[in-house]
Amino acid sequence: MHSAALELAARDAGVLLTTRLAVDEAGLTWEIMLRNDGMASVEVGDLYLPMPMNTEFPAGQPVSMAVLKHSFVSGHGSHILWIRGNSTGPFLMLLPEADTSLEYWDVHKDSAEASGTWCAYILGGAAAGEAVAGGTRWRQPTHSLSLSPAEQRRYRLRFQWVADYEAARRAIADAGLVDVEVMPGMTVPNDLHVDIALASSIPVERIEAEFTGDTVVQRLPDRAGRRLWRVRFSRLGENRLTLHQPGARQTFLEFFATEPVETMMKKRATFIVKRQHRDPSKWYDGLFGEWNMETQVLLGPDNYDRIKGWRIYEVTCDDPGLSKPAYLATKNAEHPDVAEVAALDRYIDTFVWGGLQRTTQEAYAYGLYGIPDWKQNRESSDPGPKGRLHIWRPYDYPHIFAMYLAMHRIARDHPAIPTRQSARDYLVRAYGTALAMFTVPMRVVMWSAYRTGICNECVIPELVSALTTAGLTREAATLEAHWARKVRAFVDPKADLFKSEYPFDSTASNQLRHWRARPLTTLSPWGFRRRQRVPSRSVRSLQICSAVAGWNLLITTWAAIIAALRVTPIR
């Protein structure tokens, strides 16, 4: 058994802070002791732990050179996990031990421009109080600590390596913390219940609701070593559940209850349509605008309100501008509304076709203009990729072909709803736009869409199926071949599964989750056996260096930044 230890001490306002780092082959124990060495009582308002991990991902740097932090700051159930940007194991975990808990977090910056250091608070009474006074809605209880002369308090946490997510879950439960699984999620419609499965070596004895009169908590029979509960919220908005374990241990789960999904979908659609620009004299006629609730301003190219500089693109294009019609059309494919479909057709005819999107009468047909807006790009004096050929961002394309596919479904499945185009015409445009995503950016700037996960592209298999059903088999085969190439690129063991526009981007991880959930059922051109699922590659095999050598490096790194506190004498 190899072991090593380092002890540091500092004194502030009569309080002696001693930190001891002890390493063995299983991990690194971090012990913090506060002792009042003065003659008067003092109050420790804050005790926080700076976590100066390398979380910067500059361009060109290998993704394994920095880490992503996943944190759950919630009393005795708190835990922190650091992983590489590509999710390759092992992961580094920090777990509180014994009666130690975390209750608050913030980011400390040396300057306004600095990215700052993430800090977890063992005691956060002073910092959280200031934040709440400034308008923050921190909802968990926080504390300060009063120390009489010669009184002391000890806290313990532990760093350890885990191989993957499943090992992390086991480590959480084995340490007496609570491994929580929730279905369907922590944002839940109030007409649905929530099922909660809890695992811990210190079992949860009861669940306490924040609003007891508006919450039903039901204990279910245990299953597979987990304690099960069913909860239903009737009060809209924030709802906290407190998990109680023996020894006054508490973990907090923050839920948010909404109206039923159907109600929210319809309200959102109505809201979007009411904010459509309808002025034939404007080049942006038909645009679904942004609405500033605070200033009560409908944003548009003639009034960007508080949006300044290059971010004006958010009003007309890119994800903020293009996702709204994609949503609106998809909603209407299931729940059609005559006025909403008419608004979509206006958007397509007056803003998209021949404006945002190049027509079949133009070179680079179906190409989509990017930032700052299509008018500035079409009228640019630059004939190249920074001007009249600014049609090379693959991120823009899926929103539009998802919209066209949904319009096809509306015309096909709801013949009583008037549309300006036929179901086949919408389908052809959906195909042309999807094909352009793979071809136009490559032709213009050599940007490949095959290795980038993109929002809304998951509708491509549905689009292939619709093309086949409509008799457009050549088009279906062409698009399917492009899609198969992309799937193979992500199954490649060398692929960075989580990189999209940013080193770690939810668009990529969400797309991967979609691929894993859907079996690949076609023999050709996918290149997989029938019904073979895309393999899970969230963890790769790595040889882990010796524990003591690795932890010695950690000790050196943390020696100067062990903990910080704020002390106030008690008068």
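Treat the numbers as computed from the prediction; the structure is a model and nothing was measured.

What counts as what
Residues numbered from 1 in each chain as written. Predicted model: local features only at pLDDT ≥ 70, side-chain atom pairs only at ≥ 80, totals over all residues. Heavy atoms only, no water. Phe/Tyr/Trp six-rings, centres within 6.5 Å; stacked < 30°, edge-to-face > 60°. Helix = DSSP H or I, 4+ residues; strand = E, 2+ residues; numbered from the N terminus. Buried < 20%, exposed > 50% of the residue type's maximum accessible area, 1.4 Å probe, protein only. Salt bridge = Lys/Arg side-chain N within 4 Å of Asp/Glu carboxyl O. Expected span 1.5 Å × (residues − 1). Bend = angle between axes of the 7 residues up to and from the residue. Contact = heavy atoms within 4.5 Å. Polar contact = N/O pair within 3.5 Å; in protein donor to acceptor, adjacent residues only side chain to side chain. pLDDT = per-residue confidence, 0-100. Pairing = 2+ DSSP bridges. Axes fitted to C-alpha atoms, helices over the stretch in contact; angles between N-to-C directions.

1. Description of the packing of aromatic side chains
- A full pass over the atoms with the stated rule returns 19 aromatic pairs.
- Between the aromatic rings of Tyr104 and Tyr121, the centroid separation amounts to 5.2 Å while the plane-to-plane angle is 70°, which identifies the pairing as edge-to-face. Here Tyr104, found in strand β8 (residues 104–108), pairs with Tyr121, found in strand β9 (residues 117–124); they are 17 residues apart in sequence, far enough to count as distant.
- Geometrically, the ring pair formed by Phe351 and Trp374 is edge-to-face, given 6.0 Å between the ring centres and 70° between the ring planes. Of the two residues, Phe351 sits in helix α5 (residues 338–352) while Trp374 sits in helix α6 (residues 374–378), which places them 23 residues apart along the sequence.
- On the basis of relative accessible area, Phe351 is assigned to the buried category, the value being 0%.
- On the accessibility criterion, Trp374 (12% relative accessible area) is buried.
- Taken together, Trp283, Tyr284, Phe288, Tyr347, Phe351 and Trp374 form an aromatic cluster joined through their ring pairs.

2. As for the pattern of salt bridges
- A complete count under the given rule lists 35 salt bridges for this structure.
- Here Lys324 and Glu290 are joined by a salt bridge, their closest N and O atoms 2.9 Å apart. Placement of the pair is Lys324 in helix α4 (residues 318–334) and Glu290 in the loop between α3 (261–274) and β20 (291–292), with a sequence separation of 34 residues.
- Note on Lys324: relative accessible area 7%, which makes it buried.

3. Comments concerning helix α8 (residues 423–445)
- The end-to-end C-alpha distance of α8 is 33 Å, a good match for the 33 Å that 23 residues give at a rise of 1.5 Å each.
- Most pronounced at Ala436, the bend in α8 amounts to some 45°.
- Among the residues trailing α8, Met446 stands out with phi positive, at a value near 60°.

4. Regarding α5
- Counted at 1.5 Å a residue, the expected span for α5 with its 15 residues is 21 Å, and the 20 Å between its end C-alpha atoms agrees.
- Listing the buried residues of α5 in full gives Glu340, Val341, Ala343, Leu344, Asp345, Tyr347, Ile348, Phe351 and Val352.
- Structurally, α5 contributes buried residues whose contacts are with α3, α4, α6, α7 (397–413) and α8.
- Where α5 begins, the side chain of Asp337 points an oxygen toward the backbone nitrogen of Ala339, at a separation of 3.1 Å.
- Just downstream of α5 lies Gly354, where phi reads positive at about 85°.

5. Focus: unusual backbone geometry
- With an omega dihedral of 0°, the bond running from Gly89 to Pro90 counts as a cis peptide bond.
- With respect to the secondary-structure elements, Pro90 resides in the loop between β6 (79–84) and β7 (91–96).
- With omega at 0°, the peptide bond leading from Ile371 into Pro372 counts as cis.
- Tracing the backbone through its elements, the reader meets Pro372 in the loop between α5 and α6.

6. Description of the environment of Trp353
- Relative to the helices and strands, Trp353 is located in the loop between α5 and α6.
- Separated by 76 residues in the primary sequence, Trp353 and Arg429 have C-alpha atoms spaced 10.0 Å apart.
- Setting aside its immediate chain neighbours within four residues, Trp353 contacts Ile348, Arg358, Thr359, Thr360, Tyr366, Tyr404 and Arg429.

7. A look at the confidence of the model for the protein chain
- On average, residues of the protein chain score 87 in pLDDT, and 85% of them reach the 70 mark or higher.
- For the stretch residues 520–562, pLDDT sits under 50, and the model shows 102 contacts to residues farther than four places along the chain or on other chains.

8. With respect to the sheet that holds strand β16 (residues 215–223)
- If you walk across this open sheet you meet the 4 strands as β12-β14-β17-β16, and the pairing is antiparallel. The sheet is open, and its two borders are formed by β12 (179–183) and β16, each paired with just one other strand. Pairwise comparison of adjacent strand axes, ignoring direction, gives a mean angle of 20° for this sheet.
- As defined by bridge partners, β12 adjoins strand β14 (residues 194–199) across 5 bridges and the pair is classed as antiparallel. Within β14, the position partnered with Met183 by the bridge is Asp195.

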